[in-house]
Amino acid sequence: MGVLVARMAIPWLTAEAPEDDYAAAQLMLEQILSGDGDGIWFRRGTVDPDRVYRALEARLPYAFTMHCKTFQDGSAELSVKIENRAAQEQAEVLAQGIVNTLRLDGMEPRAKLLALHDWLVMNCAYDLSVEDGDTLDGSDRPFTAAGALLDGSAVCMGYARAYQMLCDAVGIETFFIVSEGMNHAWNGIVMDGELLFIDCTYDDPVPDRPGVAAHEYFLVDAPTLRESHTWDEAFYIALGEKFYALPAA
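Residues numbered from 1 in each chain as written. Predicted model: local features only at pLDDT ≥ 70, side-chain atom pairs only at ≥ 80, totals over all residues. Heavy atoms only, no water.

Asker: Is there a simple way to think about the overall build of the protein chain in this case?
Answerer: Across its full length, the protein chain carries 9 helices and 9 strands. Computed over its C-alpha atoms, the radius of gyration of the protein chain comes to 19 Å, within 12% of the 18 Å expected for a compact globule of 249 residues. Seen through its C-alpha atoms, the protein chain measures out along the principal axes to roughly 70 × 40 × 40 Å. Burial statistics for the protein chain: of 249 residues in total, 48% are counted as buried. Counting only contacts in the protein chain whose residues sit at least 6 apart along the sequence, the fraction spanning at least 24 positions is 63%. (Helix = DSSP H or I, 4+ residues; strand = E, 2+ residues; numbered from the N terminus. Rg over C-alpha atoms; globule rule 2.2 N^0.38 Å. Buried < 20%, exposed > 50% of the residue type's maximum accessible area, 1.4 Å probe, protein only. Contact = heavy atoms within 4.5 Å.)

Asker: Explain the sheet that holds strand S6 (residues 175-179) to me, please; I cannot follow it from the model alone.
Answerer: Hydrogen bonding along the main chain pairs the strands of a sheet, whether they run parallel or antiparallel. Read from one edge of the open sheet, 4 strands run S6-S7-S8-S9, paired in antiparallel fashion. With partners counted over all chains shown, the strands left at the sheet margins are S6 and strand S9 (218-220), one partner each. The mean angle between the axes of side-by-side strands here comes to 40°, regardless of whether they run parallel or antiparallel. When strand S7 (residues 184-191) meets strand S8 (residues 194-198), the two strands line up antiparallel, connected through 5 bridges. Counted as the bridge partner of Val190 is Leu195 from S8. Helix-sheet contacts for helix H9 (residues 233-243) involve S6 and S8, and the interaxial angle to S6 is about 170°. (Pairing = 2+ DSSP bridges. Axes fitted to C-alpha atoms, helices over the stretch in contact; angles between N-to-C directions.)

Asker: I'm lost on the pattern of salt bridges in this one. Help?
Answerer: A pair can form between side chains of opposite charge whenever their charged atoms are brought close. If you walk through the whole model with that rule in mind, you get 9 salt bridges. Note that Lys242 and Asp20 form a salt bridge whose closest N and O atoms lie 3.1 Å from each other. One end of the pair, Lys242, is in helix H9; the other, Asp20, is in the loop between helix H1 (2-14) and helix H2 (21-34), and 222 residues separate them in sequence. Relative accessible area serves as the criterion here: at 32%, Lys242 is assigned to the partly exposed category. Using a relative accessible area of 23% as the deciding quantity, one classes Asp20 as partly exposed. Ionic pairing is found between Arg54 and Asp232, a salt bridge with its closest N-O pair at 3.1 Å. Of this pair, Arg54 sits in helix H3 (residues 49-59) while Asp232 sits in the loop between helix H8 (222-225) and H9, placing them 178 residues apart in sequence. (Salt bridge = Lys/Arg side-chain N within 4 Å of Asp/Glu carboxyl O.)

Asker: Any chance you could explain the packing of helix H4 (residues 85-102) against helix H7 (residues 156-169) here in plain terms?
Answerer: How two helices pack is summed up by the angle between their axes together with the distance between the axes. Running from N to C, H4 and H7 cross one another at 50°; their axes reach a closest spacing of 8 Å. By the angle between their directions, the pair H4 and H7 is classed as oblique. Between H4 and H7 lies a crossing whose hand is right-handed. Contacts between H4 and H7 involve Gln88, Ala91, Glu92, Ala95, Gln96, Ile98 and Val99 from the first element and Met165, Leu166 and Ala169 from the second. Residues belonging to the contact of H4 with H7 are distributed by class as follows: 7 nonpolar, 2 polar and 1 charged. (Parallel < 35°, antiparallel > 145°, perpendicular 65-115°, else oblique. Left-handed = near helix turned anticlockwise from the far one by under 90°. Nonpolar A, V, L, I, M, F, W, Y, C, P; charged D, E, K, R; others polar.)

Asker: Explanation requested: the side chain of Asp204 in the structure shown.
Answerer: Note that Asp204 resides in the loop between S8 and S9. On the accessibility criterion, Asp204 (4% relative accessible area) is buried. Looking at Asp204, its side chain comes within polar contact range of the side chain of Tyr159, at 2.5 Å. In contact with Asp204, not counting residues within four places along its chain, are Val121, Cys124, Ala125, Tyr126, Tyr159 and Val212. (Polar contact = N/O pair within 3.5 Å; in protein donor to acceptor, adjacent residues only side chain to side chain.)

Asker: When you look at the confidence of the model for the protein chain in this model, what are you seeing that I'm missing?
Answerer: It should be kept in mind that the predicted coordinates are not to be read in detail where pLDDT is low. Of the residues in the protein chain, 90% have a pLDDT of 70 or more, and the chain-wide mean is 90. Counting interchain partners and residues more than four positions distant, the pLDDT-below-50 stretch residues 1-10 has 0 contacts. (pLDDT = per-residue confidence, 0-100.)

Asker: When you look at the packing of H2 against H3 in this model, what are you seeing that I'm missing?
Answerer: Two numbers describe how H2 lies on H3: the axes approach to 8 Å, and their chain directions differ by 55°. In this view, H2 runs oblique relative to H3, as classed from their interaxial angle. H3 is crossed by H2, and the crossing has right-handed handedness. Counting all contacts with H2, which are made through Asp21, Tyr22, Ala24, Ala25, Gln26, Met28, Leu29 and Ile32, the residues of H3 involved are Arg51, Val52, Ala55, Leu56 and Arg59.

Structure (C-alpha cells):
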C-alpha cells in the first residue's frame, strides 16, 4: 500500500509550475512536437487553461482541441488532441514543396512574405459554404491548412494556418491571431522590432477572382489595422515580447 500511495503522489510532486500561461503553452508545444506523451500536469493556480489554449493556438499551425482535468487540490492536467492530424501534416509537407517551387532563396524577408501571401491568395478561394455560426476550432478542413493548401478552399482560420506553415517553410516565424468579436483570424509577425499584421483572407476578393491578390492588409501596423479589426492587443503584444523579440513598451 505504501508503494501505491507514493506512485499516486508523483503527479503532484512533479507537476509543472510555469512562469506564466505563455510558458505553459511552450511546454505544451514542446511536448506536441516531440511526441512525448499527451498531457502535462500543472500545479494549483499556475495556469489559466483558456489563455494557455490561445497562446498555443497562436504558435501551432494545426487545428486542435485542448482538454482540462482539474483535481481536488486545484492542480490541472492539460492535454491536446490534433484533429485530422494526417491531413494537417500532409499540408505541412505540401507547404515545403510549394516553397521549393517558388524559388525564394536569396530574397529579402519582406519579398518572401509577399510571394507567399500572393501565392496563397491566388490559389485559395474563400469557402462561402461555411456558416458564420460554425465552430472555429474543429476538425473541418476549411478551418485548417489542409483546406487551404490541399483543397484550395478555406475560411479565415485555414488561410492563417496555411500562411503560417508557408512562412515556417522559409524560416520566417509568424503567429496566429484570433478575434472572437470578429469571428476572424489572421497572422502577426515581428519585423525590425515592430508588430505587424498580414490578413490573407481580407486580401482575397470574394467572390474569388483567379490571379488577383490585394495588398491592403499586407504588413500593416496596429493603428491601421484597428480601423477594420478588433483583437486582444495586450495578449498578442505579450506573446510577441515573449517569443518573437518584440521590444517591451
